[in-house]
Amino acid sequence: MIGVLDSGLGGLTVHEALVRRFPKLSIIYLGDHANDPYGDRPSQEIVAQTRDGVERLFAVGCRLVLLGCNTATAMAARRLQQAWLPHEPRWAGRNVLGIVAPTVEAATRTPWAVTTPRYPQKNNDDLIIVFGTTRTVQSGVYREEIHKRCPRVRLVEHACPGLVDAIEGGDEAAAERIVARACETAMQGTGGERPDRVILGCTHYPIVATRFQAHLPDGVRVLSQPETVADSLEDYLARHPAYAGDDTGACMLRVLTTGDPNQVTAAARRFWRDVPTHEAACAFPKRSRKKCASPETDALLERPAIPASGSPHCRFRRDDPDQSLSRRRPRPPPPPPRRRSPPPRLPPSSSASSPSARGISSPVS
Ligand code: DGL
């Protein structure tokens, strides 16, 4: 079973692409609407929220959690992969993946495993615009990972504060204003030169992709991050099929939110008509009261950011350096159809009667 996590609606753009690509897989989505947006929060808060969300998805049976969020990937993926997960025996055999690596691969047409400039990538002088949240842009993750492979690529990065709020709230006028301004400023940054491609480096932004397209020069290629991520995950699962399996034999699609399920379902149906009805998940604990299972883990997470150079932010594996779209294997034959069965029971509450202690509400059957 695979989990997809985001601060809110944005990760549903990735989730939808995965549901279409892997119709036989159980995929559970968790949107932390009670705490969105993440993009302007302090980095330690984003790390802690992301860890909480990952744990919840592990607890309902996910072996693999995909961060359907650039902000969480930029701030938390590497720390969770390196400083947290290996020290949590109860989550042994599970993994967390980010979404920056496949996006960088697609934008640079360079395998992730190539970490130093080589011919022909070293001569690539494409012009790329990256739009993202404040935190993603400040993290420099796209700049660093693109330049590691293609040092001559010219990058214009632009943060769009307020856009996630506008999308979540269905405020079309605000979304239009912010996108128009962002495109105008980014185009000033290119000196008017038409970019070779554009990265919408926030999973909320594909929801307003047509607005970006309308305010950018004709014919600009806007990279589809959800499809790119689905491509890369397909490759990953072909090499790591155990992560795709689940213990129930059921093919389940569940969509959870820490926000109001009715409101969130209505908002999601503005761009994904058939999205399953959201189920309520309890809001994550307030950060000030949050205590991790082990003090050592909390201490690890409090460490300052790992220096950018030398190790991956978010590759689709923790231990296997050969990830690359160019080494994709042929698709495995589709598994036999599985019987649909009711969702599994959630793990018992640590403090039996309190729904908030249980973390995620009972499944809706
Ligand atoms: N959708 C998320 C991203 O890809 C985060 C948006 C937010 O919560 O600010 O960055």
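Higher on the page you've got the structure.
First, a word on what this report is: a plain description of the structure on this page. These numbers come from a predicted model, not from an experiment.

**Section: the environment of Arg-197**
Then, in step 1: Its location among the elements puts Arg-197 in strand β7 (residues 197–201).
Then, in step 2: Each C-alpha atom of the pair Arg-197 and Leu-223 lies 6.8 Å from the other, and the pair is 26 residues apart in sequence.
Then, in step 3: When near neighbours in sequence (up to four residues on either side) are disregarded, Arg-197 contacts Ala-107, Arg-109, Asp-126, Leu-127, Ile-128, Ile-129, Arg-221 and Leu-223.
Then, in step 4: Here Asp-126 takes part through its side chain, which lies 2.9 Å from a polar atom of the side chain of Arg-197.

**Describing the site of the ligand**
Then, in step 1: Neighbouring the ligand are 13 residues, the closest being Ser-7, Tyr-38, Gly-39, Thr-71 and His-204.
Then, in step 2: At 2.7 Å, a backbone N or O of Gly-39 approaches an oxygen atom of the ligand.
Then, in step 3: Taken together, the residues of the shell around the ligand sort by class into five nonpolar, seven polar and one charged.

**A word on the environment of Asp-36**
Then, in step 1: Position of Asp-36 relative to the elements: it lies in the loop between β2 (27–31) and α2 (43–59).
Then, in step 2: Put simply, Asp-36 and Asp-6 are 30 residues apart on the chain and 8.8 Å apart in space, counted from C-alpha to C-alpha.
Then, in step 3: Filtering out sequence-adjacent residues up to four positions away, Asp-36 remains in contact with Ser-7 and Glu-168.

**Here we look at the nonpolar core**
Then, in step 1: Among the nonpolar cores identified, the biggest contains 29 residues, and Leu-12, Leu-18, Leu-64, Leu-233 and Leu-237 are the most heavily contacted of them.
Then, in step 2: Counting residues per element, the ones that place at least two in this core are β1 (2–6), α1 (11–21), β2, β3 (64–67), α10 (225–239) and α11 (261–268).
Then, in step 3: Leave out the neighbours within four places in its chain, and Leu-18 touches Val-4, Ile-27, Leu-66, Ala-230 and Leu-233.

**What about the packing of α1 against α10?**
Then, in step 1: One way to put it is that α1 packs onto α10 with a least axis distance of 8 Å and a crossing angle of 50°. Taken together, the axes of α1 and α10 are oblique relative to one another. Remark: the crossing between α1 and α10 carries right-handed chirality. Between α1, through Thr-13, Val-14, Ala-17, Leu-18, Arg-20 and Arg-21, and α10, the contact on the second element is made entirely by Pro-226, Glu-227, Val-229, Ala-230, Asp-231, Leu-233 and Glu-234.
Then, in step 2: Within the contact of α1 with α10, the residues separate by chemical class into seven nonpolar, one polar and five charged.

**Brief notes about unusual backbone geometry**
Then, in step 1: Residue Pro-37 is reached from Asp-36 by a cis peptide bond, and omega for that bond is -5°.
Then, in step 2: Relative to the elements of secondary structure, Pro-37 occurs in the loop between β2 and α2.
Then, in step 3: In this structure, the amide linkage connecting Tyr-119 to the following residue, Pro-120, adopts the cis form with an omega of 0°.
Then, in step 4: Within the secondary structure, Pro-120 sits in the loop between α4 (100–108) and β5 (127–132).

**Focus on α2**
Then, in step 1: The first and last C-alpha atoms of α2 sit 24 Å apart over 17 residues, in line with the 24 Å expected at 1.5 Å per residue.
Then, in step 2: The buried fraction of α2 is high, at 13 of 17 residues.
Then, in step 3: In the stretch just after α2, Gly-61 is the one whose phi turns positive, near 110°.

**Observations regarding the packing of aromatic side chains**
Then, in step 1: Scanning the entire structure with this criterion turns up five aromatic pairs.
Then, in step 2: A centroid spacing of 5.4 Å and a plane angle of 50° characterise the contact between Phe-58 and Trp-91, whose relative ring orientation is tilted. With Phe-58 in helix α2 and Trp-91 in the loop between α3 (70–84) and β4 (95–97), this pair connects stretches of sequence that are 33 residues apart.
Then, in step 3: By relative accessible area, which is 1% here, Phe-58 ends up buried.
Then, in step 4: We classify Trp-91 as buried; its relative accessible area is 11%.
Then, in step 5: Here Tyr-236 and Tyr-243 contribute two aromatic rings whose centre-to-centre distance is 5.8 Å and whose plane-to-plane angle is 20°, an arrangement assigned as stacked.
Then, in step 6: Residue Tyr-236 is classed as buried on the basis of its relative accessible area, which comes to 1%.
Then, in step 7: Look at Tyr-243 and you get buried, because its relative accessible area is 15%.

Rules used in this analysis
Residues numbered from 1 in each chain as written. Predicted model: local features only at pLDDT ≥ 70, side-chain atom pairs only at ≥ 80, totals over all residues. Heavy atoms only, no water. Helix = DSSP H or I, 4+ residues; strand = E, 2+ residues; numbered from the N terminus. Contact = heavy atoms within 4.5 Å. Polar contact = N/O pair within 3.5 Å; in protein donor to acceptor, adjacent residues only side chain to side chain. Near = heavy atom within 4 Å. Nonpolar A, V, L, I, M, F, W, Y, C, P; charged D, E, K, R; others polar. Core = buried A, V, L, I, M, F, W, Y, C linked by side-chain atoms within 4.5 Å. Buried < 20%, exposed > 50% of the residue type's maximum accessible area, 1.4 Å probe, protein only. Axes fitted to C-alpha atoms, helices over the stretch in contact; angles between N-to-C directions. Parallel < 35°, antiparallel > 145°, perpendicular 65-115°, else oblique. Left-handed = near helix turned anticlockwise from the far one by under 90°. Expected span 1.5 Å × (residues − 1). Phe/Tyr/Trp six-rings, centres within 6.5 Å; stacked < 30°, edge-to-face > 60°.

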